[in-house]
Amino acid sequence: MKRKWLSLILACIMIVSVLGGCKAKTDDPAPTEETTTTEPTKAPEATAAPVVDAKPEYSEITVEIFDRGTDGGKTDPTNNFYTDWIKAKVLEDENIGVNFVAVSRWEETDQLNNLMAAGTAPDVCLTYSGDLIANYRDLGGLADLAPYVDTLLVDLKAFLGPDLALEGRDMIMRNVNTETGQLFSIPARRMNTAGANTFIRKDWLDKLGLAIPTTTQEFYDALAAFKAQDPGGVGKDKVVPFTMTSDVRWRASTLIESFIDPSISKKDRWVNSVIDRNFLLPGYKEGVRLLNKMYNEGLVDTQFALYNDDTDSDNLIKSGVVGAFIHNWDQAYRDTPGLLRDLQVNVPDAQLVSIDCFQNSAGVTEKFTYDAAGVNMFIPASSQNIEGALRYINWLSKFENRYFLQIGEEGVTHELVNGVPKMIAATNEKIMNSSQNIDYTIMINGLDVGDDSLYAQALAQSYTVDPQLITDAYANSMRNGRPSTIVPVVLSASGPVNQTLTDMGKTLMAEAVTCSPADFDATWDANIQEWLDAGAQSVIDERAAKYIE
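Residues numbered from 1 in each chain as written. Predicted model: local features only at pLDDT ≥ 70, side-chain atom pairs only at ≥ 80, totals over all residues. Heavy atoms only, no water.

Asks: Explain the overall build of the chain to me, please; I cannot follow it from the model alone.
Replies: Broken down by element type, the chain carries 19 helices and 14 strands. The C-alpha atoms of the chain give 23 Å as radius of gyration, which agrees with the globular expectation for 549 residues (24 Å, within 12%). The principal-axis extents of the C-alpha atoms in the chain amount to approximately 70 × 55 × 40 Å. Within the chain, contacts between residues separated by at least 24 positions form 78% of all contacts whose residues are at least 6 apart in sequence. Accessible area for the chain stands at about 22,000 Å²; split by element, carbon and sulfur atoms hold 51% of it. With 47 positive and 77 negative side-chain charges, the chain shows a separation of 2 Å between the mean positions of the two kinds. (Helix = DSSP H or I, 4+ residues; strand = E, 2+ residues; numbered from the N terminus. Rg over C-alpha atoms; globule rule 2.2 N^0.38 Å. Contact = heavy atoms within 4.5 Å. Areas by Shrake-Rupley, 256 points an atom, 1.4 Å probe, with all protein chains shown as cover. Lys, Arg positive; Asp, Glu negative; His and termini not counted. Charge placed at Lys NZ, Arg CZ, Asp CG, Glu CD.)

Asks: Hey, could you run me through the environment of aspartate 76 in this one?
Replies: Within the secondary structure, aspartate 76 is located in the loop between strand S1 (59–67) and helix H2 (81–94). Separated by 353 residues in the primary sequence, aspartate 76 and glutamate 429 place their C-alpha atoms 9.8 Å from one another. The residues contacting aspartate 76, other than those within four sequence positions of it, are Thr70 and Asn433.

Asks: When you look at the pattern of salt bridges in this model, what are you seeing that I'm missing?
Replies: For the structure on display, the rule yields 29 salt bridges. The salt bridge involving glutamate 297 is made with lysine 293; its shortest N-O contact spans 2.8 Å. Relative accessible area serves as the criterion here: at 36%, glutamate 297 is assigned to the partly exposed category. A relative accessible area of 37% places lysine 293 in the partly exposed class. Between glutamate 542 and lysine 546 there is a salt bridge, and its shortest N-O distance comes to 3.5 Å. (Salt bridge = Lys/Arg side-chain N within 4 Å of Asp/Glu carboxyl O. Buried < 20%, exposed > 50% of the residue type's maximum accessible area, 1.4 Å probe, protein only.)

Asks: What is the right way to look at the packing of aromatic side chains in this model?
Replies: Each aromatic ring pair is characterised by the separation of its centres together with the angle its planes make. If you walk through the whole model with that rule in mind, you get 24 aromatic pairs. Considering the side-chain rings of phenylalanine 199 and phenylalanine 325, the 5.2 Å spacing of their centres and the 25° angle between planes classify their relative orientation as stacked. Highlighted residues: phenylalanine 199 in strand S5 (residues 196–201) and phenylalanine 325 in strand S7 (residues 322–328), separated in sequence by 126 residues. Since its relative accessible area comes to 0%, phenylalanine 199 is described here as buried. An angle of 80° between the planes, with centres 5.0 Å apart, marks the rings of phenylalanine 219 and phenylalanine 358 as edge-to-face. Taken as a pair, phenylalanine 219 in helix H7 (residues 216–229) and phenylalanine 358 in the loop between strand S8 (352–355) and strand S9 (367–368) lie far apart in primary sequence, 139 residues in all. Comparing phenylalanine 219 with phenylalanine 358, the two get one shared label, buried. Ring pairs connect the aromatic residues Phe279, Tyr284, Phe520, Trp524 and Trp531, which therefore count as one cluster. Sitting over the face of the ring of phenylalanine 159, arginine 189 holds its NZ or CZ atom 5.0 Å from the ring centroid. Arginine 190 extends its terminal NZ or CZ atom over the ring of tyrosine 370, reaching a point 3.9 Å from the ring centre. (Phe/Tyr/Trp six-rings, centres within 6.5 Å; stacked < 30°, edge-to-face > 60°. Lys NZ or Arg CZ within 6 Å of the ring centre and 35° of its normal.)

Asks: Before we go on, may I ask you to explain the sheet that holds S7 in this structure?
Replies: If you walk across this open sheet you meet the 4 strands as S6-S7-S5-S8, and the pairing is mixed. Whereas interior strands pair on both sides, the edge strands pair on one side only; in this sheet they are strand S6 (240–243) and S8. Averaged over neighbouring strand pairs, the angle between their axes works out to 25° when direction is ignored. Sheet topology note: the S6/S7 ladder contains 3 bridges and is parallel. Residue pairing for S7: valine 240 is matched across the bridge by valine 322. Sitting on the sheet, H7 is in contact with S5, S6, S7 and S8, with an inclination near 40° to S5. Those strands touched by helix H17 (residues 467–478) are S5 and S8, and its axis lies near 25° from that of S8. (Pairing = 2+ DSSP bridges. Axes fitted to C-alpha atoms, helices over the stretch in contact; angles between N-to-C directions.)

Asks: Mind showing me how you'd approach the domain arrangement of the chain here?
Replies: Interface extent is often summarised as the accessible area lost during association of the parts. Split into domains, the chain comes out as domain 1 (56–191 + 374–402) and domain 2 (196–368 + 484–546). In this structure, domain 1 and domain 2 have C-alpha centres spaced 31 Å apart. When the buried area of domain 1 at its contact with domain 2 is split by residue, Trp106, Asp131 and Asn135 rank highest and sum to 34% of it. Counting across the domain 1 and domain 2 interface gives 0 salt bridges. (Domains from an automatic or database assignment. Buried area = accessible area lost by both parts, 1.4 Å probe.)

Asks: It is not clear to me how the environment of glycine 446 should be interpreted in this structure. Could you clarify?
Replies: Locating glycine 446 in the fold gives a position in the loop between strand S13 (444–445) and helix H16 (455–461). Separated by 141 residues in sequence, glycine 446 and alanine 305 have C-alpha atoms that sit 31 Å apart. Ignoring sequence-local partners within four residues, the contact set of glycine 446 consists of Met191, Gln406 and Gln436.

Asks: Just checking my understanding: could you explain helix H12 (residues 311–319) for this structure?
Replies: Think of an α-helix as 3.6 residues a turn; residues three or four steps apart then line up on the same face. Of the residues making up H12, those classed as buried are Ser313, Asp314, Ile317 and Lys318. Viewed end-on, H12 has its buried residues packed into an arc of 135°, placing them on one side of the element. Considering only its buried residues, H12 is in contact with S6, helix H8 (248–251), S7, helix H13 (339–346) and S8. In the stretch just after H12, glycine 320 is the one whose phi turns positive, near 100°. (Arc of directions from axis to C-beta.)

Asks: Where do I start with the pairing of strand S10 (residues 373–378) in this structure?
Replies: Where a strand is regular, its side chains alternate between the two sheet faces. Among the 6 residues of S10, 6 are classified as buried, and the element is accordingly described as predominantly covered. In the sheet, strand S4 (residues 186–190) pairs with S10 via 3 bridges, with the strands oriented antiparallel. Its bridge partner lying in S10, proline 187 is registered against asparagine 376.

Written as structure tokens, this is what we have:
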């Protein structure tokens, strides 16, 4: 523990020493990532807007791109057909040279911290962690984007539209501080707010004469039957009834979170959720207790704690030895990583279906759904080409550009069915490393065909599997969905301890799942107390003090 604190202190000193010279444009309190307003918010009138040329002199920018590995036919995320297309088109349209910088999707926080501390972060950065952005903001490491909203980001502003979670605000201004007018990050727009799903081998259920599980007990019984009877004929010692990774709170989310007390107030849920971890919510511990029971009975992948990313778990699923798993609502059906596709290469009659079986104490299969605001884009204060970076983001926001990146070439990655694209699995250099190229179309998550009335059809056709699988998966994930709670206040406490609490959270969950049932309570309670002492309590205290209805 002492080593972790020493590393944290040294990291903070390094970041502050490098970023300290990058002061915000005001000495007022640090701006919020979310604030309230009653009128659509615009950039402050007092700030002079930059002069915008139709096509500026040539300049160059660097852009962060998530690296998800190259298994399953993936290409180099910084050098492939789509990066070449982007570079050529941006150069032609905006006279900007683009260079991509890969950041591991699985080690995003560590790598971004190092790049920010060294002053070498890309001109265009993105992260799903609002706490990480808050920390950079408080250290003076982010550029204020407010002066550019109505000049360089016109197309982005129009695409993002109104903020449905905060009435009267434009989505582009979700993270503005209305007291200072500063804006240090801009969210992407989620076209689809579906969260997680549970997937199971239906062919195994059929061979055992079992129905699709509709309750937690039936799910548990199915896994036990998989282990005892080996319906796939892979060898009883090789069967993995349930697989996950070291990120247990995510890869077991639908199961564990079904144990949370459904009567908890919105305030208590928000206050006690620390860096998106629900460890402290009443009932969560009991969900982990069930996972502990499953592990000790041989129903959970024994190596899960060693999996720092999805690779090993994915390979087990593809090989045909896994009975069930939890992941993104559509993970089983994405071309990348190609779980169902590659599984059926190895086991032709294999079937992976989504299920909705985890009922809470009220008998409801409640589960989280995402906020319509997705990944956050930001520009480091160290950027030497803020204007070029914002021109690039705005260029991506134009329909013709993002639409091509999402669907690719007709006849190669899609075909048109009744005017709506139906995806084709590419197996050459035009393969998409992420679903609909979401790592390049950073302002949108989910297919947009330009006509809301065609969304359902487009969603079903935007995969290369049976459309019914997608329709069912979407319905299962959205059924009894609980929207994210948005509280528009300035938060800073979690930023400095984000990585420490993330790492400790993984250790906490791994130890709680793998300990003996007799030691579960002591293991859980001791680790939770250590987690609180390491900074979680200060995060809770701040959220409690600043909560507003």
